[in-house]
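Working through the structure, step by step
What follows is the residue order along each chain.
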Amino acid sequence: MSQSKIHDLVLDDLSDRESWEQKQRIWYQMRHNGLRRKNKPYPHAADLHFPLIDGQIRQFKPFYINQVWSGELLANFTHLRGDRQLANLSAQRLHWEIKNRTNFSHEIHYLVDAMLLRGRGIFKTVWDPFKQRIEYVSVEPLNLIVPKTANEIEDADRFTHVRIETVESFRRDRRYNQDAKSDEVITLLTGRPNDHDGGDMETAKAVREGLTFTHHKDEIVVWEVYEKTPGGWTIYTYCPTNPDIRIRQSMGVVYKWGNETLCPFVSFPFERKDKGWYSPRGLAELQAANETYLSKLWNTKCDSLDFTSKPLFRGKGGMDGNAKITFNPGEIFPEGIEPVQFPKPAMSIDQEMMQTRMIAEQLVAAPDLNGGSREQSGDTKKTAREVEARMALMNQGISMNGRLFREDLAKVYKLTWAIMLQFQDKIGRDFVVDGEVQALPDKALSHDYEIAPEGSPDDWHPQMRLQRGQQRLALWKGHPNINQAELAKTTLEDDDPALVKRLHVDDAQRSATQAEEQASEIVIMKEGFPAAVTENDDHQIHATTLIQYLEKEDMAGAPVDPRAQEVMQQHLALHLQYLGKQNPQAAREVQGQLQQMVQQSAQREQMAAANPQQPVNQPPSIDGMQERIIA
């Protein structure tokens, strides 16, 4: 398709969304400055703007940002052939690359803000050949022109990204044709479309400042038109002021996932209701009526205070209506002066504002940062069960918003991984985990993964997540069918994912450490000094290690000092006492090992007595050890 034909189609797309553009400008004004009162009842009357929309955007932002950063890693990789080690290494590599070498952490805030205000956020992920890194751009929804018939970017026959560049940045960019950087051509690329003679732009169907032109002489509007083709996407780059001037050669999108060509743009709708690109509503559109009403109530309250806070008086009889009476505390009014009594409002303005705010929160399922308390609504008649039921219903809506956001976030991670694989010779394979440099193996460089954001939609609130982890730990602690190590890890993750690496010790490493501690204590006790037993010891490992030492000494016939033997018996008895309280079954198993050792020692003594000519190692005296320990 020719560039001029494409330009006409984009102008049609721009004209079709004119009403949507007008609404977006109203929502922007309502959020930042508010809609002013058209007719003030008297001079200097209040003209206040109740910031409901801006307040709810600020309230929603932490919910969505924590959907990104609440997990130990950004994304969870699942290998299609079940290789968990490769999947974990790839997830760590992606996390390190995004967090340390990209501008993701900044742009994600702009994306969430645009999504909440406009109803749809746009995220662009590209490889920057000049910075030699992956670059993210949160595109202003007004600067993406999409046909109204499309539901998502992938469905569109074409779409246009509007970019505004300064003249100097345009000249520095090596991707643009050198002929387009001359002073004569740049003059034709700036200004309004009808400022230049001739050309098809005189009959343009739509003229929009900031979209088709700019009044600033040092700025150029650049259009990148993405046209869907059988092989993927073809990009046409030109200036709408003079579309016939070729400023860059057309090219195709190069990002691949297997045989699939990936579009560098990902859309984040705030809601899904009707089909169509312009159907999702943001918080501004959903709350416009409520904010208008709250602003009216606020201004009405101020108007009322202007009269009621400054007492008015009236005189009886023939008092001159133009007379001005001033008074101070302790003075006496002239005869016939009485205060004017105003009727009470038909409703409580403060109560009505509270009720409206509560309705506004329920409408959009706003995350409740007060822990479910509805006392601020002024309605004290609700039962605890009713409040709990309402909050449960609202939390379902919050979780649904989180799932919708995470579905689109997975597309960004998939696109990022595809770019990393495609440019891995420039990006490299090295990354840092716990201060150690690691390299991604060759087998991990593949598309054989399912990629999803880490965690769940309900992980956004740190206190609620920690409380849920503590309840899970208390409920399943010691359960024979529950992996206790993994249970402890999930609780640490709910507190702070970084604590898992700092505090959690694997079973094998913990067993070796505890056995080593007991071996050190045995050296102390051999000299007749007691070793401390603490409640936090792994009593089963300590007791088993000590029994194995005594058995080895018994078989070798090495003499044991009576004082050392007494200290070891007391030490073993304390471990068995603690173990019996914590895990009775394990305590019985250790006592069985002790009984078996005593029986084997007795058998060796009997064999030595029956055959005195046979040289037999003389065992240490452990007669009655089990009875003394249990006692």
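Residues numbered from 1 in each chain as written. Predicted model: local features only at pLDDT ≥ 70, side-chain atom pairs only at ≥ 80, totals over all residues. Heavy atoms only, no water.

**Here we look at helix H16 (residues 539–556)**
Put simply, the rule is: For helices the rule is a DSSP run of H or I covering at least 4 residues; for strands it is a run of E covering at least 2, with both sets numbered from the N terminus onward. The span expected for a helix works out to 1.5 Å for each residue beyond the first. Between buried and exposed lies partly exposed: a residue is buried under 20% and exposed over 50% of the maximum accessible area for its type, with that area taken using a 1.4 Å probe on protein chains only.
Helix length check: H16, at 18 residues, gives a terminal C-alpha distance of 26 Å against a target of 26 Å (1.5 Å per residue), a fit within 8%. Within H16, the full set of buried residues consists of His539, Ile541, His542, Ala543, Thr544, Thr545, Leu546, Ile547, Tyr549, Leu550, Glu553 and Asp554.

**Some details on the sheet that holds strand S4 (residues 144–145)**
Think of a sheet as strands paired side by side through backbone hydrogen bonds, with each pair either parallel or antiparallel. The condition is simple: Whether two strands pair depends on DSSP finding at least two bridges between them. The contact criterion used throughout is that any non-hydrogen atoms of two residues lie within 4.5 Å. All axes here are fitted lines through C-alpha atoms, helices being fitted over the stretch that makes contact, and every angle between N-to-C directions spans 0 to 180 degrees.
The strand order S4-S5-S6-S7-S8 describes an open sheet built from 5 strands, whose pairing is antiparallel. Every other strand in the sheet has two partners, leaving S4 and strand S8 (251–252) as the edge strands with one partner each. Summarising the sheet, strand S6 (residues 219–229) and strand S7 (residues 232–238) pair through 7 bridges and their orientation is antiparallel. When the sheet's bridge partners are listed, tryptophan 223 is paired in S7 with tyrosine 238. Lying over the sheet, helix H1 (residues 3–16) contacts S4, strand S5 (158–166), S6 and S7, oriented at roughly 100° with respect to S6.

**Comments concerning the nonpolar core**
The cut-off we apply is this: Take the buried residues of types Ala, Val, Leu, Ile, Met, Phe, Trp, Tyr and Cys, join any two whose side-chain atoms come within 4.5 Å, and each joined set is a nonpolar core.
Among the nonpolar cores identified, the biggest contains 82 residues, and Phe104, Tyr413 and Trp417 are the most heavily contacted of them. The element best represented in this core is helix H10 (residues 384–422), accounting for 11 residues. Discounting chain neighbours no more than four positions away, the residues touching tryptophan 417 are Phe77, Ser90, Leu94, Trp257, Leu440, Ala444, Ser446, Tyr449 and Ile451.

**Comments concerning unusual backbone geometry**
With a phi close to 65°, histidine 44 is a non-glycine residue in the positive phi region. Along the chain, histidine 44 falls in the loop between helix H2 (18–32) and helix H3 (52–69). Assessed through its relative accessible area of 78%, histidine 44 is described here as exposed. Here the phi dihedral of glutamine 132 falls at roughly 55°; this positive angle occurs in a residue that is not glycine. When you line up the elements, glutamine 132 lands in the loop between strand S2 (120–128) and strand S3 (133–139).

**A look at the side chain of histidine 571**
Relative to the elements of secondary structure, histidine 571 occurs in helix H17 (residues 562–582). Here histidine 571 is in contact with Gln518, Glu521, Met525, Ala531, Ala532, Val533 and Leu546, once residues within four sequence places are set aside.

**Section: the sheet that holds S2**
Strand order in the open sheet formed by 3 strands is S3-S2-S11, with antiparallel pairing between adjacent strands. Across the chains shown, the open sheet's two edge strands, defined by having one partner strand only, are S3 and strand S11 (265–269). Looking at each pair of strands side by side, their axes are set apart by 20° on average, direction ignored. As paired elements, S2 and S11 share 5 bridges and run antiparallel to each other. If you follow isoleucine 122 over to S11, its bridge partner there is serine 267. Packed onto the sheet, helix H5 (residues 104–118) meets S2, S3 and S11 and runs at close to 155° relative to S2.

**Remarks on the pattern of salt bridges**
Opposite charge on two side chains permits pairing when their charged atoms draw close. Inclusion rule: Only one rule defines a salt bridge in this text: a Lys or Arg side-chain nitrogen within 4 Å of an Asp or Glu carboxyl oxygen.
Under the definition given, this model contains 32 salt bridges. Between glutamate 407 and arginine 272 there is a salt bridge; the shortest N-O distance is 3.6 Å. Linking glutamate 407 in helix H10 with arginine 272 in the loop between S11 and helix H8 (283–308), this pair joins segments that are 135 residues apart in sequence. By relative accessible area, which is 49% here, arginine 272 ends up partly exposed. Two residues, lysine 411 and aspartate 408, come together in a salt bridge whose shortest N-O distance is 3.7 Å. Taken as a pair, lysine 411 and aspartate 408 lie in helix H10 at a separation of 3 residues, close to a single helical turn. Overall, aspartate 408 belongs to the buried group, its relative accessible area being 2%. Taken together, the shared-partner salt bridges in this structure form one network comprising Arg31, Asp54, Arg58, Lys61 and Asp113.

**Observations concerning a nonpolar patch on the surface**
Filter applied, for reference: Residues qualify for a patch when their relative accessible area is over 30% and they have no salt bridge, like charges being joined within 9 Å and the nonpolar side chains of Val, Leu, Ile, Met, Phe, Trp and Tyr within 5 Å. Accessible surface is estimated by sampling points in the Shrake-Rupley manner with a 1.4 Å probe; for residues, cover comes only from the protein chains shown.
Residues Phe307, Leu312 and Phe342 make up a contiguous nonpolar surface patch of roughly 270 Å² in combined accessible area. Here phenylalanine 307 shows up in helix H8. Given a relative accessible area of 39%, phenylalanine 307 falls into the partly exposed group.

**Examining the pairing of S6**
Counting buried positions along S6 yields 8 of 11 residues, so the element is predominantly enclosed. With 9 bridges joining them, S5 and S6 adopt antiparallel strand pairing. Of the residues in S6, the one forming a bridge with threonine 166 is glutamate 219. A loop of 2 residues connects S6 with S7, the two strands running antiparallel in sequence.

**Notes on the side chain of arginine 163**
Rule in force here: In the analysis that follows, any N or O atom pair within 3.5 Å is treated as a polar contact, provided that within protein one partner can donate a hydrogen and the other can accept it, and provided that, for residues neighboring in sequence, both atoms belong to side chains.
Looking at where arginine 163 falls in the secondary structure, it is placed in strand S5. Engagement of the side chain of arginine 163 in a polar contact is seen with the side chain of glutamate 165, the distance being 2.5 Å.

**Considering the packing of H17 against helix H18 (residues 584–610)**
The condition that has to hold: Here the term charged refers only to Asp, Glu, Lys and Arg, the term nonpolar to Ala, Val, Leu, Ile, Met, Phe, Trp, Tyr, Cys and Pro, and the term polar to all other amino acids, Gly among them.
It is at 6 Å that the axes of H17 and H18 come closest, and there the two elements cross at 145°. Each of Leu572, Leu576, Leu579, Gly580 and Gln582 in H17 lies in contact with H18, whose residues at this interface are Pro584, Ala586, Ala587, Val590, Gln591 and Leu594. The class makeup of the residues in the contact of H17 with H18 is 8 nonpolar, 3 polar and no charged.

**Quick word on the packing of aromatic side chains**
Note the cut-off: The criterion for an aromatic pair is that two Phe, Tyr or Trp rings (for Trp, the six-membered ring) have centres within 6.5 Å, with stacked assigned to planes under 30 degrees apart, edge-to-face to planes over 60 apart and tilted to the rest.
Scanning all chains against the criterion turns up 24 aromatic pairs. Residues tryptophan 20 and tyrosine 278 carry aromatic rings whose centres are separated by 4.9 Å and whose planes lie at 55° to one another, so their mutual orientation is tilted. Placement of tryptophan 20 in helix H2 and of tyrosine 278 in the loop between S11 and H8 is noted, with a sequence separation of 258 residues between them. Judged by centre distance (4.8 Å) and plane angle (5°), the rings of phenylalanine 159 and tyrosine 226 are stacked. Of this pair, phenylalanine 159 sits in strand S5 while tyrosine 226 is found in strand S6, placing the two residues 67 residues apart along the sequence. Of the two residues, phenylalanine 159 and tyrosine 226, both sit in the buried class.

**Focus on the packing of H3 against H8**
Which entries qualify depends on this criterion: Roughly parallel here means an angle under 35 degrees, roughly antiparallel means over 145, roughly perpendicular means 65 to 115, and every remaining angle is called oblique.
For the pair H3 and H8, the least separation of the axes is 8 Å and the interaxial angle reads 135°. Judged on the interaxial angle alone, H8 and H3 are oblique. Within the contact between the two elements, H3 uses Leu52, Ile53, Gln56, Ile57 and Phe60 and H8 uses Leu283, Ala284, Gln287, Asn290, Glu291 and Leu294. When the residues that make up the contact of H3 with H8 are grouped by side-chain class, the tally is 7 nonpolar, 3 polar and 1 charged.

**Focus: the pairing of S11**
Counting buried positions along S11 gives 5 out of 5 residues, so the element sits mostly inside the fold. Residues of S11 alternate between two faces, with Phe265, Ser267 and Pro269 on one and Val266 and Phe268 on the opposite face, all of them buried.

**Points about the confidence of the model for the protein chain**
The following threshold applies: One confidence number per residue, pLDDT, is output by the predictor and ranges from 0 to 100.
Predicted confidence across the protein chain gives a mean pLDDT of 83, with 84% of residues reaching 70 or more. This stretch, residues 195–204, has a pLDDT under 50; its non-local contacts, to residues over four places away or in other chains, come to 13 contacts. Confidence over residues 371–379 falls short of pLDDT 50; this stretch has 15 contacts with residues more than four positions distant or in other chains.

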